[in-house]
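# Understanding the architecture of this molecule
Residue-level listing of the chains:
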Amino acid sequence: MNEATLSDQDGRYLRRAIELSAHGRSRGNRPFGAVIVGDDGQVLAEAWCNTAETGDCTGHAETNAVREASSRHGRDTLARATIYSSGEPCVMCAGAIFWSNIRRVVFGIDAVSLRAFRGERADQRDAQLSCRDVLNASPHPVEVIGPALVQEASQPHVGAWRT
Ligand SMILES: [Zn+2]
């Protein structure tokens, strides 16, 4: 898959999501981070994967960010927002993005490349459905941009998964 070319603004926020992925890892979690930004540049939510900290298997970065943003901001604001994710959203997170009414997704490392880090352990495998597969089924259009900055987004995954 070819890497997407990002605007300066998109690159800045995706790098922030990558920083949050490393932060989450430093707290003992899988390295995933997400940022939701309004069309005026306001950061609406920042989150990392906290499944290990909380014991909640739904604590993925994007779902956590959606939970925070949607409890504070209206659907109209979220319709003009972008979610930046250090890794391609999984099926659950793509569903959360759909329900939030966010219409634009920018992600770093793609799910196929992530599988190389996850390895073959059954409890580390993801469902093999891309976020585009899920979001293309939405009745309203959701723009998906990625993979992007794959080299940078991969760094927090090096050595993070036991295979
Ligand atoms: Zn997820």
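Below is a short write-up of the structure.

### Brief notes about the coordination of the zinc ion
- Protein-derived coordination of the zinc ion comes from H60 (ND1), C90 (SG) and C93 (SG), at a distance range of 2.0 to 2.3 Å.
- The sequence pattern describing where the donors of the zinc ion fall on their chain is H-x29-C-x2-C.
- For C93, a relative accessible area of 0% corresponds to the buried category.

### Quick look at the pairing of strand 2 (residues 43–48)
- Pairing geometry for strand 1 (residues 33–37) and strand 2, over 5 bridges, is antiparallel. Looking at the pairing, G33 lines up with W48 of strand 2.
- Here strand 1 folds back onto strand 2, and the loop between the two strands holds 5 residues, one of which, G41, carries a positive phi near 85°.

### Some words on the pairing of strand 1
- Counting buried positions along strand 1 gives 5 out of 5 residues, so the element sits mostly inside the fold.
- Pairing of strand 1 with strand 3 (residues 82–87), which is carried by 4 bridges, proceeds in the antiparallel orientation. Counterpart to A34 in the pairing with strand 3 is S85.

### Brief notes about the side chain of T82
- Here T82 is to be found in strand 3.
- Polar contacts involving the side chain of T82 include one to the side chain of R104, which spans 3.1 Å.
- With near-sequence residues (within four places) excluded, T82 lies in contact with V35, I36, V37, I102, R104 and V106.

### Focus: the packing of helix 3 (residues 61–72) against helix 5 (residues 91–100)
- As a packed pair, helix 3 and helix 5 sit with axes 8 Å apart at the nearest point and diverge in direction by 20°. One element, helix 3, and the other, helix 5, form an angle in the roughly parallel class. Here helix 3 and helix 5 pass one another in a crossing that is left-handed. Judged by residue contacts, E62, T63 and V66 of helix 3 engage M92, C93, A96, I97 and S100 from helix 5.
- Among the residues forming the contact of helix 3 with helix 5, the class breakdown is 5 nonpolar, 2 polar and 1 charged.

### Thoughts on the sheet that holds strand 1
- Spatially, the 5 strands line up as an open sheet ordered 2-1-3-4-5, and their pairing is mixed. Across the chains shown, the open sheet's two edge strands, defined by having one partner strand only, are strand 2 and strand 5 (143–145). With strand direction ignored, the average angle separating the axes of adjacent strands in the sheet is 15°.
- In the packing of helix 3 onto the sheet, the strands contacted are strand 1, strand 2 and strand 3, and the crossing angle to strand 2 comes to about 145°.

### Considering the packing of aromatic side chains
- Using the criterion set out here, one finds 3 aromatic pairs in the structure.
- Where Y13 meets Y84, the ring centres are 5.4 Å apart and the plane angle is 40°; that geometry is what we call tilted. Of this pair, Y13 sits in helix 1 (residues 8–26) while Y84 sits in strand 3; the two residues are 71 residues apart in sequence, bridging distant segments of the chain.
- For Y13, a relative accessible area of 11% gives the class buried.
- By relative accessible area, which is 2% here, Y84 ends up buried.
- Taking the centre distance of 6.2 Å and the plane angle of 75° together, the rings of F32 and W161 count as edge-to-face. Here F32, found in the loop between helix 1 and strand 1, pairs with W161, found in the segment after helix 8 (150–154); they are 129 residues apart in sequence, far enough to count as distant. Each of the two residues, F32 as well as W161, counts as buried.

What counts, and at which threshold
The numbering scheme is per chain: residues are counted from 1 as the chain's sequence reads. For this predicted model, a pLDDT threshold of at least 70 governs which residues receive local features, and a threshold of 80 or more governs which side-chain atom pairs are given and counted, while totals over whole chains, interfaces and linings are taken from all residues. The side-chain numbers reported here are obtained from all heavy atoms of the structure, hydrogens and water having been left aside. Coordination partners: N, O, S within 2.8 Å of the metal, 3.2 Å for Na, K and Ca; water not considered, so apparent gaps in a site are possible. Each residue is assigned to one of three classes by its accessible area relative to the maximum for its type, calculated with a 1.4 Å probe on protein chains only: buried under 20%, partly exposed between the two thresholds, exposed over 50%. A pair of strands counts as paired when DSSP detects no fewer than two bridges linking them. The numbering of helices and of strands both runs from the N terminus, where a helix is a DSSP run of H or I of at least 4 residues and a strand a run of E of at least 2. Identification of polar contacts relies on pairs of N or O atoms within 3.5 Å, with a donor-acceptor requirement for protein atoms, meaning one able to donate a hydrogen and the other able to accept it, and with residues adjacent in sequence counted only if both atoms are side-chain atoms. Contacts were defined at the residue level, with two residues in contact if any of their heavy atoms lie within 4.5 Å. Only the contacting stretch of a helix is used when fitting its axis, a line to C-alpha atoms as for every element, and angles between N-to-C directions run 0 to 180 degrees. An angle counts as roughly parallel when it lies under 35 degrees, as roughly antiparallel when it exceeds 145, as roughly perpendicular when it falls between 65 and 115, and as oblique in every other case. In a left-handed crossing the near helix is turned counterclockwise from the far helix by less than a right angle, and in a right-handed crossing that turn is clockwise. In this classification, the charged set is Asp, Glu, Lys and Arg, the nonpolar set is Ala, Val, Leu, Ile, Met, Phe, Trp, Tyr, Cys and Pro, and all remaining amino acids, among them Gly, are polar. When two rings of Phe, Tyr or Trp (its six-membered ring) have centres within 6.5 Å they constitute a pair, described as stacked for plane angles under 30 degrees, edge-to-face for angles over 60, and tilted for the intermediate range.

These values are about where atoms sit, not about what they do.
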